[in-house]
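The chain contents come next:
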Amino acid sequence: HSLKNQDQHYSFPGRVVFKGMVAVVKVNGQEVTLKADKVSFYHVFRLSSFEGNLDIQIKQLSVQTDSIASQSPELYANINYGKKGLSALNGFFDRATVQFAKQELSNITSKISGDARRMIFDNFQGIFCEGEVKGKIVLDYAPAVAYSMNLDIRKLQTKRLSRLNSQIFDQIDGEISGHLILTGNLQNITSLESDFQMSEGSTMKAALLGFIANYL
C-alpha cells in the first residue's frame, strides 16, 4: 500500500541496505504496518532473472495491526523466489515480543519456514503470564488467514490469565501446566483440545464447578 525509507546503500556484489524503512501492507483489507531500523538484502544479483535465492537480515523489526503489535531485535531469512512468486522461506528470530489482548508474549525464539500460502514457527518458545510456552505454530494466510497451535505450557499464573477470561480465571488461584491444541481464524476459535494440571497449593472456587457443569 505504501513504502518509505530514509536512506539506502548499494555495494558489490549485490548487497542492498535500506534504513528507516516503513511499509504498509493490506492483508484481507486490514492494514499491517511494518517498520525496521535496517533491512539488508544479500545476493540481489541472483534475482536478475526473477528467480533464485535471496538472504535478508532485519534489525529492530516491528509489526503493527489493530489488534497485535510485535517487535524483534533481529530476524534472518533465506527466500527462494520463482517466476510464480515466493516458493520457500527459511530463517529464525529471537528475543521477540508480541502484545495482544492486554497480554504480552516475550523472549520469543523460533525457527521459521514457509511459502506463499503458509508460515511455520517451529521450536517455538517464549514467556507468557510468567510461565513458559513451547511448541509449534502454523499460520495460513491464503486463501484466508487461519492458525493452528500445538503447545506445551508450564507454570502459567492464573492471576495473569484473568485478563483473557475473567469469568473462569478469577475463580482459580495458582499455576497451570499442560498441553494445548488450538485452531482458529481471525473471527473464531474452531477447535480446542487441552490437558491441564494445577500445581500443588493452587485453589479453585466452587462456583467454577457450576460454570463448567452448565457448559458441559
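Above: the structure in question.
Residues numbered from 1 in each chain as written. Predicted model: local features only at pLDDT ≥ 70, side-chain atom pairs only at ≥ 80, totals over all residues. Heavy atoms only, no water.

### Description of the overall build of the protein chain
And step 1. Counting secondary structure elements, the protein chain contains 3 helices and 15 strands.
And step 2. Taken along the three principal axes of its C-alpha coordinates, the protein chain extends 70 × 30 × 30 Å.
And step 3. Going through the 216 residues of the protein chain one by one, you find that 31% of them count as buried.
And step 4. Contacts in the protein chain between residues far apart in sequence, at least 24 positions, make up 35% of those at least 6 positions apart.
And step 5. Carbon and sulfur atoms make up 54% of the accessible area of the protein chain, which totals about 13500 Å².
And step 6. Looking at charge distribution, the protein chain has the averaged site of its 23 positive side-chain charges lying 6 Å from that of its 21 negative ones. (Helix = DSSP H or I, 4+ residues; strand = E, 2+ residues; numbered from the N terminus. Buried < 20%, exposed > 50% of the residue type's maximum accessible area, 1.4 Å probe, protein only. Contact = heavy atoms within 4.5 Å. Areas by Shrake-Rupley, 256 points an atom, 1.4 Å probe, with all protein chains shown as cover. Lys, Arg positive; Asp, Glu negative; His and termini not counted. Charge placed at Lys NZ, Arg CZ, Asp CG, Glu CD.)

### Brief notes about the packing of aromatic side chains
In this description, an aromatic ring pair is defined by two values, namely the gap between the centres and the angle between the planes.
And step 1. Per the stated rule, a full pass over the model turns up 4 aromatic pairs.
And step 2. Each ring, one from Phe-18 and one from Phe-41, has its centre 5.9 Å from the other, and the planes form 85°; the classification is edge-to-face. Of the two residues, Phe-18 is situated in strand β3 (residues 15–27) and Phe-41 in strand β4 (residues 30–42); the sequence distance between them amounts to 23 residues.
And step 3. Aromatic side chains Phe-93 and Phe-121 sit 6.2 Å apart centroid to centroid with 75° between the ring planes, which places their arrangement in the edge-to-face category. Of this pair, Phe-93 sits in strand β7 (residues 85–100) while Phe-121 sits in strand β9 (residues 118–128), and the two are 28 residues apart along the sequence. Comparing Phe-93 with Phe-121, the two get one shared label, buried. (Phe/Tyr/Trp six-rings, centres within 6.5 Å; stacked < 30°, edge-to-face > 60°.)

### Some details on the environment of Asn-107
And step 1. Among the structural elements, Asn-107 can be located in strand β8 (residues 103–114).
And step 2. Classification of Asn-107 as partly exposed rests on a relative accessible area of 47%.
And step 3. Sequence separation of Asn-107 and Gln-125 is 18 residues, and the distance between their C-alpha atoms is 8.0 Å.
And step 4. Sequence-distant contacts of Asn-107, defined by excluding residues within four places in its chain, comprise Arg-95, Ala-96, Thr-97, Gln-125, Gly-126 and Ile-127.

### A word on the side chain of Asp-55
And step 1. Relative to the assigned elements, Asp-55 resides in strand β5 (residues 52–64).
And step 2. Here the side chain of Asp-55 touches His-43 through a polar contact of 3.4 Å, side chain to side chain.
And step 3. Every residue in contact with Asp-55, bar those within four places of it in the chain, is listed here: Ser-40, Phe-41, Tyr-42, His-43, Tyr-76, Ala-77 and Asn-78. (Polar contact = N/O pair within 3.5 Å; in protein donor to acceptor, adjacent residues only side chain to side chain.)

### A word on the side chain of Thr-158
And step 1. Locating Thr-158 in the fold gives a position in helix α1 (residues 158–161).
And step 2. A polar atom in the side chain of Thr-158 sits 3.1 Å from the backbone oxygen of Ile-172.
And step 3. Each residue touching Thr-158, except ones within four places of it in the same chain, is listed here: Phe-169, Ile-172, Asp-173, Gly-174 and Ile-176.

### Here we look at unusual backbone geometry
And step 1. Not every positive phi belongs to a glycine, and Asn-123 is a case in point at roughly 50°.
And step 2. Here Asn-123 shows up in strand β9.
And step 3. What makes Asn-123 partly exposed here is its relative accessible area of 45%.
And step 4. Even without glycine at this site, Cys-129 takes up a positive phi of about 50°.
And step 5. Relative to the assigned elements, Cys-129 resides in the loop between β9 and β10 (131–140).
And step 6. The exposure class assigned to Cys-129 is buried, which follows from its relative accessible area of 1%.

### Some words on the environment of Met-204
And step 1. The residue Met-204 is located in strand β15 (residues 203–204) in this model.
And step 2. The class of Met-204 is partly exposed, set by a relative accessible area of 38%.
And step 3. In the structure, Met-204 is positioned 77 residues away from Ile-127 in sequence and 24 Å away in space, judged by C-alpha atoms.

### What about the environment of Pro-73?
And step 1. Relative to the helices and strands, Pro-73 resides in strand β6 (residues 68–82).
And step 2. Pro-73 sits in the buried class, given a relative accessible area of 18%.
And step 3. Those residues in contact with Pro-73 that sit more than four places away from it in its chain are Ile-58, Lys-59, Gln-60, Asp-94, Arg-95 and Ala-96.

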